[in-house]
2 protein chains.
Amino acid sequence: MSNTKVLPLVEPDSDAVAPCCPPLTERPFTADEAETAARMFKALGDPVRLRLFSAVASHEGGEACVCDISDVGVSQPTVSHHLKKLKEAGLLTSERRGTWVYYRVEPSVLAAMGKLLTIAPAAA
Amino acid sequence: MSNTKVLPLVEPDSDAVAPCCPPLTERPFTADEAETAARMFKALGDPVRLRLFSAVASHEGGEACVCDISDVGVSQPTVSHHLKKLKEAGLLTSERRGTWVYYRVEPSVLAAMGKLLTIAPAAA
C-alpha cells in the first residue's frame, strides 16, 4: 500500500509535506480547513489513543503491531478500536502481515500537523 | 496577568519552551504525559474551536476580543463558550479591558505542541 494515498493532510503523489492548511497563526482557517485539521487533533485528543500513537511512533522502525503495544492498561479490542480511529483520521497506515496487522505513523502527517502549529512571522 | 502562570504545557517562571512531554516519536508517553497533551489536542479537535483559535492566533498582535472574531457562523455565546474551553486547556490567556475580554495565544504553548509533533532522530 502506498503510504501517501490514505492521508488527507498531504496531497496524493507528493512526497513533499503539503499540509491542508496554513499555520494556525497565519490567517483565520476556513470552515473546510478547520474540518480537516480538527479531525486529526481530535484523534489525538484522547489519552489512551495518544499513548498508543506515541507507542507506534516511537517503536523501532516507526511501526508496531498490536502485540507490541498492549501495555497501556486497556484490553486488546480497545487497543484495536483506537488504532482504527487513528487510521480513519489519517494518522496511521496499516498493513497485514501473517497473523498481525502492523501500524505505521506517516512522518509527513506529523510534519504537516507540526507545521500548523508553527508561528507565522507576521504573528510572532 | 503573567502569561506563563496558566499554561500547563510550560513550566512556571520559565520563558523557555518546556513542553510537558517529549516528541511523540521519541518514546511511549506515560499516562500523565498523555493526559496533559491529549487535553490540548482535544481542545483543537473541534472545527469551530479551531477556527476561533486560528482567528485569535492570526489577529493583529496575536490577540483578539470576541468582537473581532464573530464571523464563524455561530452565536456570540457559543463563541464565548469555545474561547473559555480553549482557555481552560491552556491554549489561550485572557484579559478584561473595559467592555471586552481580550484573548491571546501563548506562542510558547504553540511551540510546545509543535515540538510534540517533531520527528525524533531515532524514529525518522
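Our subject is the structure listed above.
Here's what I pulled together on the structure shown here. (Residues numbered from 1 in each chain as written. Chains lettered and ligands numbered in written order. Predicted model: local features only at pLDDT ≥ 70, side-chain atom pairs only at ≥ 80, totals over all residues. Heavy atoms only, no water.)

What about the pairing of strand 2 (residues 92-97) of chain B?
Now for step 1: Pairing geometry for strand 2 of chain B and strand 3 (residues 100-105) of chain B, over six bridges, is antiparallel. Across the sheet, Ser94(B) pairs through a bridge with Tyr103(B), a residue of strand 3 of chain B. (Pairing = 2+ DSSP bridges. Helix = DSSP H or I, 4+ residues; strand = E, 2+ residues; numbered from the N terminus.)

Points about the sheet that holds strand 2 (residues 92-97) of chain A
Residue and element names in this part refer to chain A.
Now for step 1: Ordered by their spatial adjacency, three strands build an open sheet running 1-3-2, and the pairing between neighbours is antiparallel. Bordering the open sheet on either side are strand 1 (63-65) and strand 2, each of which pairs with just one other strand. Here the strands of the sheet are splayed against their neighbours by 25° on average, with no regard to which way each runs.
Now for step 2: Helix-sheet contacts for helix 2 (residues 47-58) involve strand 1, strand 2 and strand 3 (100-105), and the interaxial angle to strand 3 is about 85°. (Axes fitted to C-alpha atoms, helices over the stretch in contact; angles between N-to-C directions. Contact = heavy atoms within 4.5 Å.)

Observations concerning helix 3 (residues 76-88) of chain A
Residue and element names in this part refer to chain A.
Now for step 1: Across its 13 residues, helix 3 extends 18 Å between first and last C-alpha, which sits within 8% of the 18 Å expected from 1.5 Å per residue.
Now for step 2: Residues of helix 3 that are buried include every one of Val79, His82, Leu83 and Leu86, and no others. The buried residues of helix 3 occupy an angular sector of 100° when the element is viewed end-on, so they sit on one face. Opposite its buried face, helix 3 presents the exposed residues Pro77, Lys84 and Glu88, each directed more than 90 degrees away.
Now for step 3: The inward-facing, buried residues of helix 3 contact helix 1 (31-43), helix 2, strand 2 and strand 3.
Now for step 4: Of the residues trailing helix 3, glycine 90 is marked for its positive phi of about 85°. (Expected span 1.5 Å × (residues − 1). Buried < 20%, exposed > 50% of the residue type's maximum accessible area, 1.4 Å probe, protein only. Arc of directions from axis to C-beta.)

Considerations on the relation of the copies chain B and chain A
Now for step 1: Mapping chain B onto chain A is achieved by rotating through 180° and translating by 0.0 Å along the same axis, at an RMSD of 0.0 Å. Both copies are brought into coincidence by an operation consistent with a two-fold rotation axis.
Now for step 2: Most of the interface of chain B is mirrored in chain A, where 100% of its interface residues are also at the interface. (Least-squares fit on C-alpha atoms with pLDDT ≥ 70 in both.)

Focus: the nonpolar core
Now for step 1: By size, the foremost hydrophobic cluster in this structure holds 68 residues, and its most contacted members are Leu83(A), Leu91(A), Leu83(B) and Leu91(B).
Now for step 2: Excluding residues that lie within four positions of it along the chain, Leu91(A) makes contacts with Met40(A), Ala43(A), Leu44(A), Phe53(A), Leu86(A), Arg104(A), Val105(A), Glu106(A), Val109(A) and Met113(A). (Core = buried A, V, L, I, M, F, W, Y, C linked by side-chain atoms within 4.5 Å.)

Notes on the environment of Asp68(A)
All names here are of chain A.
Now for step 1: Along the polypeptide, aspartate 68 turns up in the loop between strand 1 and helix 3.
Now for step 2: The class for aspartate 68 is partly exposed, based on a relative accessible area of 35%.
Now for step 3: For the pair aspartate 68 and lysine 87, spaced 19 residues apart in sequence, the C-alpha to C-alpha distance is 17 Å.

Some thoughts on the side chain of Ser58(B)
Now for step 1: Mapping Ser58(B) onto the fold places it in helix 2 (residues 47-58).
Now for step 2: Polar side-chain contacts of Ser58(B) include one of 2.7 Å to the backbone oxygen of Ser54(B). (Polar contact = N/O pair within 3.5 Å; in protein donor to acceptor, adjacent residues only side chain to side chain.)

Focus on the sheet that holds strand 1 (residues 63-65) of chain B
All names here are of chain B.
Now for step 1: Taken together, three strands build an open sheet; the order of strands is 1-3-2 and the sheet is antiparallel. Looking along the sheet, the strands with just one partner apiece sit at the ends: strand 1 and strand 2. Here the strands of the sheet are splayed against their neighbours by 25° on average, with no regard to which way each runs.
Now for step 2: As paired elements, strand 1 and strand 3 share three bridges and run antiparallel to each other. Bridging from a neighbouring strand, alanine 64 pairs with tyrosine 103 of strand 3.
Now for step 3: Docked against the sheet, helix 3 (residues 76-88) engages strand 2 and strand 3, running at close to 125° with respect to strand 2.

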